[in-house]
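Residues per chain, in single letters:
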Amino acid sequence: MRCAPGGLTRCDATSAKSPFLANKTIALIEAGDLMRTPALESGTFANRASSITPGSARFLQGLGVWDAIEPKQAYTRMVVWDSESDGRVDFDAYSHGAGAAAMPEGHGPAIAWMVQNHLIQHQLAECVARTPSIVLFNESKVHSIVRSESSGLPVVSLDRGEPIECQLLVGADGLHSKVREYAGIESIGWDYDQHGIVATLAVEDDGTGNDTAWQRFLPTGPIALLPDVQQLAPGYSSLVWSTKPAIAAKLTKAAPEVFVELVNAAFHNPVADIDFLGSQVQADGSIADGVDIAGEASWGRERARGQDSGERMPPRVVGVQPKSRAPFPLRLRNSTSYVYERTALIGDAAHTTHPLAGQGLNLGLADARALAASVSDAAQAGGDVGGADALGAYAAARFASGAAMLAAADGTSRVFGGLVPSQLRGIGMRLVNGSARAKALLAAVASA
Amino acid sequence: MKRFLAKLPSTLLAPGACKGSAVRAAAAALARPHLAASCARGAFTPVASVHTQPAGQAAGSSVDADEIQRFSRTAAEWWDPHGQYELLHRMNPVRIKYVRDMLQQFGGPELARAEATTAAPFAGLRILDIGCGGGFVSEPLCRLGATVVGADASNENIQVATTHYRRDPALARGPGSIDYRHTTAESLVEQEEQFDVVVALEIIEHVNDPKQFVRTCSQLVKPEGMLIFSTINRTPASYLFTILLAEHLLRWVPVGTHTHDKYIMPEELELYLKMAGCQPLDVSGMGYNPLLKSWTLVSKSQPGNLEMNYILAARKSIL
Ligand SMILES: Cc1cc2nc3c(=O)[nH]c(=O)nc-3n(C[C@H](O)[C@H](O)[C@H](O)COP(=O)(O)OP(=O)(O)OC[C@H]3O[C@@H](n4cnc5c(N)ncnc54)[C@H](O)[C@@H]3O)c2cc1C
């Protein structure tokens, strides 16, 4: 019996299909209701989209769920530029991307696909339901975990029913993982002095098919606009804006039309304008008397037009979906180990990254894939699925890449995110722009 | 000594080039001290003269609580993945996969069982693990569905293996099972035991009369059944690395762990098998990659692929 409490990434670890594991039973424990279609309220995580890289997409395709997830919005370009220098990276999947072999079957080159979270969850839940070897303990909370004295196996007690003894305990239970606590594994890291704001935005149709991810580095942190995917309505983009907590608070409270102007300014205006406009918003989100935000912003853009490089720019934002704005603290956490006796951590239980890289879910899926492969390999050779061979192989496959991704996300955010003088940031950006290797690195992050 | 060095292939003497092989060979040497231990207790030296209790009694119930404690501790040492048997642990996947592959490739209708699945390919097969030690091979065979008899001439090994076997409830659930016996190959022949497959891994280099040992093993296999042996070749390289380096210079394992004269060449093993009415099917080299810390089969096209460790499969002929 294997046992896995957890969220989005969890479904995958457990349902990864290997004929070598056909005689194993999996207990899937979820505190929430896995089978319920969430009410798609604005601003809820379920209603948000995640960017799925080709590697994750292939994994989901292997599980038989990828093709059933519709709609998907591919993006094939990524433009990253700096507000205080001429540094700019323009990356497109056709000329620089990974080869066709790296893409899921039936898809052309893409950097990633935007997919609604609730659809991924729903399809994985269906997969769980049609897999007889998975026993679902739905709406069941893990109450305690102890190690059996006689066998050394973890014994998981739920808030009701019999305790479950398992060969392998997979902790996919998120940031505040109970499994990690049981294993006595430390989670180290820090909180950034930044908050992220997410929002769903209506954008003007600029005739390009909304195929590009945009990211601009501001002194206060990066702002990113990704194509979004809504059930029936085209022309939406998804915003992730990392900034100082005080500014984030104002942005969350500001009136919709003010917020839209500030977003446009953050992408199109010089930094001085953004600072000025930000300072006109009061702590309660209201505007200082007599200030015309829209007018100031467009005047600033007119004035800066002389320096216009003629490069393609993000589409203009024309509206924000009601209640879709939400702030959240940015943090980085990494567990000192991903494995313990008969225990493995995957997803956010193992690591939490800066959303700059947009890799939280993808990292979790990669963990799940690696763990499934390690366990299957061990089973093929008659090994213990919770034994040191299987877990050692998983840790070797993932610990380094988890730490590397975190370091990369953290490194970039430190270089570009306002922690070093803007001069240096400009140099960093120019370096990125000038170096084919740096571009390749960026591509690797984007298509992990 | 000089004679051995003179015979060494140049690649092994070249500085740098020899590093990987050195570690590999030393690894092979290190994978073996448990056998030295079991031999010291008379496990297979000489096989025929070991008179032990009949099967069944050896792992008996008369063992007291102190003993069980002691066996548990020894079992923990045996099974510590980073302990003294680390290299033997790491050798397991390649050896077990080899057994799987050979049975799939060459196991005729005699070895085909209706209940076999990919997850439990050995379901319904009766397999003898001769020289089972702490149970490294018996347990995987059991997980893959086999009805295993694990035989060892050291009573302590049998106690250790049994203790460890009882710790994992998944093994008890089946479909496989393990019957550990404090006995010898000869006694099993006397008892007219018959198996679908006999595996003798890293054991033949420790017996006094390998030719007789092969014959004894073959008598335990049903016609059309299979035998799997793994061991170390008798080459200058294996002398240099397993005895000179690992024992005398580095002292990684006690002096006297190995006797180079007892190492067996693949040609010799194949000859003994044919003399015992068995048909060799495949022989493959095994190499240790110190970076990946794993053993793999060495490609047959690689020169010197059988220079060190190798594994071999044979079929018992009907006649
Ligand atoms: C605002 C925001 C935006 C993000 N945007 C992106 C993005 O665009 N792209 C991206 O890749 N990532 C994004 N991420 C990160 C991504 O959401 C996470 O990395 C991902 O959800 C991790 O999945 P998980 O399964 O490891 O953990 P979680 O999703 O946290 O799931 C944990 C699960 O465990 C269950 N659980 C916990 N404790 C118990 C218990 N005791 N008993 C039973 N069940 C328990 C919970 O009910 C929950 O279902 C974002 C995160 C945030 C906060």
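Residues numbered from 1 in each chain as written. Chains lettered and ligands numbered in written order. Predicted model: local features only at pLDDT ≥ 70, side-chain atom pairs only at ≥ 80, totals over all residues. Heavy atoms only, no water.

Looking at an unreviewed UniProt entry, chain B carries the name Ubiquinone biosynthesis O-methyltransferase, mitochondrial, with the source organism given as Polyrhizophydium stewartii. Its UniProt record gives chain B a comment under Sequence similarities (unreviewed entry), which states: "Belongs to the class I-like SAM-binding methyltransferase superfamily. UbiG/COQ3 family." The record in UniProt for chain B states the following under Cofactor (unreviewed entry): "Mg(2+)". (UniProt positions renumbered as here; feature names shortened; annotations may be inferred.)

By the naming in an unreviewed UniProt entry, chain A is Ubiquinone biosynthesis monooxygenase, taken from Polyrhizophydium stewartii. In its Sequence similarities (unreviewed entry) section, UniProt records this for chain A: "Belongs to the UbiH/COQ6 family." Regarding chain A, the relevant UniProt record gives this comment under Cofactor (unreviewed entry): "FAD".

Participant: Looking at this model, I keep getting lost on the overall build of chain A. Mind explaining?
Facilitator: From N to C terminus, chain A includes 13 helices and 21 strands. A buried classification covers 55% of the 448 residues belonging to chain A. Contacts in chain A between residues far apart in sequence, at least 24 positions, make up 75% of those at least 6 positions apart. Per element, the accessible surface of chain A, about 18,200 Å² overall, is 56% carbon and sulfur. (Helix = DSSP H or I, 4+ residues; strand = E, 2+ residues; numbered from the N terminus. Buried < 20%, exposed > 50% of the residue type's maximum accessible area, 1.4 Å probe, protein only. Contact = heavy atoms within 4.5 Å. Areas by Shrake-Rupley, 256 points an atom, 1.4 Å probe, with all protein chains shown as cover.)

Participant: Got a minute to help me understand the pattern of salt bridges in this structure?
Facilitator: Between side chains of opposite charge, a pair can form as their charged atoms come close. What the rule picks out here adds up to 19 salt bridges over all chains. Residue K244(A) pairs with D193(A) through a salt bridge whose shortest N-O separation is 3.9 Å. In this pair, K244(A) is assigned in the loop between β16 (236-243) and α6 (245-253) and D193(A) in strand β13 (residues 187-203), connecting sequence segments 51 residues apart. E193(B) is the partner of R126(B) in a salt bridge, and the nearest nitrogen-oxygen pair spans 2.9 Å. Of this pair, R126(B) sits in strand β1 (residues 126-130) while E193(B) sits in the loop between α10 (185-190) and β4 (195-201), and the two are 67 residues apart along the sequence. Connected through shared salt-bridge partners, R342(A), D384(A), E139(B), R143(B) and D168(B) make up one network. (Salt bridge = Lys/Arg side-chain N within 4 Å of Asp/Glu carboxyl O.)

Participant: Quick question: what am I supposed to make of unusual backbone geometry here?
Facilitator: Excluding glycine, most residues fall at negative phi; most peptide bonds, likewise, are trans. For the peptide bond that leads from E70(A) to P71(A), omega is 0°, which places it in the cis range. Across the junction of G174(B) and P175(B), the peptide omega takes the value 10°, indicating a cis bond. By the secondary structure assignment, P175(B) is in the loop between α9 (169-172) and β3 (177-182). If you check the backbone angles, E139(A) has positive phi at about 45° while not being a glycine. With respect to the helices and strands, the residue E139(A) is situated in the loop between β8 (134-137) and β9 (142-147). The exposure class of E139(A) is partly exposed, given its relative accessible area of 46%. At E202(B), a residue that is not glycine, the phi angle is positive and equals roughly 50°. The residue E202(B) is located in the loop between β4 and α11 (210-219) in this model. Residue classification places E202(B) among the buried residues on the basis of a relative accessible area of 1%.

Participant: I would appreciate a short explanation of the sheet that holds β3(B) in the present structure.
Facilitator: In a beta sheet, neighbouring strands pair by backbone hydrogen bonds and run either parallel or antiparallel. Residues and elements named next belong to chain B. One open sheet accounts for eight strands, arranged β3-β2-β1-β4-β5-β8-β6-β7; its pairing is mixed. A single partner strand is all that each edge strand has here, and the edge strands are β3 and β7 (294-298). In this sheet, neighbouring strand axes are inclined to one another by 20° on average, regardless of whether the strands run parallel or antiparallel. Each of β1, β4, β5 (221-232), β6 (278-289) and β8 (309-316) is contacted by α11, which is oriented at about 145° to β5, the strand it contacts most. (Pairing = 2+ DSSP bridges. Axes fitted to C-alpha atoms, helices over the stretch in contact; angles between N-to-C directions.)

Participant: Any chance you could explain the side chain of S177(A) here in plain terms?
Facilitator: Residue and element names in this part refer to chain A. Counting through the fold element by element, S177 comes out in the loop between β12 (168-171) and α5 (178-183). Of note is the side chain of S177, whose polar atom sits 2.6 Å from the side chain of D173. In contact with S177, not counting residues within four places along its chain, are L345 and A349. (Polar contact = N/O pair within 3.5 Å; in protein donor to acceptor, adjacent residues only side chain to side chain.)

Participant: Mind showing me how you'd approach helix α6 (residues 86-106) of chain B here?
Facilitator: The periodicity of an α-helix, 3.6 residues per turn, causes residues three or four positions apart to be oriented the same way. Residues and elements named next belong to chain B. When the terminal C-alpha atoms of α6 are compared, their 31 Å separation across 21 residues agrees well with the 30 Å that a helix rising 1.5 Å per residue should span. Roughly 35° is the biggest bend found in α6, and it falls at N92, with proline P93 one to four residues downstream. Among the 21 residues of α6, 15 are classified as buried, and the element is accordingly described as predominantly covered. (Expected span 1.5 Å × (residues − 1). Bend = angle between axes of the 7 residues up to and from the residue.)

Participant: It is not clear to me how the packing of aromatic side chains should be interpreted in this structure. Could you clarify?
Facilitator: For any pair of aromatic rings, the description rests on two quantities: the centre-to-centre distance and the angle between the ring planes. Residue and element names in this part refer to chain A. Evaluation of the coordinates by the stated rule reveals nine aromatic pairs over all chains. Between the aromatic rings of Y338 and F399, the centroid separation amounts to 4.8 Å while the plane-to-plane angle is 70°, which identifies the pairing as edge-to-face. Placement of the pair is Y338 in the loop between β18 (326-335) and β19 (339-340) and F399 in helix α11 (residues 388-416), with a sequence separation of 61 residues. Overall, the relative accessible area of 1% leaves Y338 in the buried class. (Phe/Tyr/Trp six-rings, centres within 6.5 Å; stacked < 30°, edge-to-face > 60°.)

Participant: When you look at the packing of helix α7 (residues 256-268) of chain A against helix α8 (residues 271-279) of chain A in this model, what are you seeing that I'm missing?
Facilitator: How two helices pack is summed up by the angle between their axes together with the distance between the axes. Residue and element names in this part refer to chain A. The N-to-C vectors of α7 and α8 enclose an angle of 160°; their axes lie 9 Å apart at closest approach. Considering their axes alone, α7 and α8 lie roughly antiparallel with respect to each other. Note that α7 runs across α8; the crossing there is left-handed. Together, L262, A265 and A266 of α7 and I274, L277 and G278 of α8 make up the contact between the two elements. (Parallel < 35°, antiparallel > 145°, perpendicular 65-115°, else oblique. Left-handed = near helix turned anticlockwise from the far one by under 90°.)

Participant: How should the side chain of D196(B) be read in this particular structure?
Facilitator: Residue and element names in this part refer to chain B. For D196, the position within the fold is in strand β4. A relative accessible area of 3% means that D196 is categorised as buried. Here R113 takes part through its side chain, which lies 2.9 Å from a polar atom of the side chain of D196. Here R126 takes part through its backbone nitrogen, which lies 2.7 Å from a polar atom of the side chain of D196. Not counting chain neighbours up to four residues away, the residues in contact with D196 comprise L111, R113, G124, L125, R126, V221, K222, G225 and M226.

Participant: I would appreciate a short explanation of the packing of α11(B) against helix α13 (residues 266-275) of chain B in the present structure.
Facilitator: All names here are of chain B. Direction vectors running N to C along α11 and α13 enclose 50°, while the axes themselves pass 9 Å from each other. As judged from the angle between their axes, α11 and α13 are oblique. When you trace α11 past α13, the crossing you get is right-handed. Here P210, K211, V214 and R215 of α11 lie close against α13, whose contacting residues are L269, Y272, L273 and M275. Class assignment for the residues of the contact of α11 with α13 results in six nonpolar, no polar and two charged. (Nonpolar A, V, L, I, M, F, W, Y, C, P; charged D, E, K, R; others polar.)

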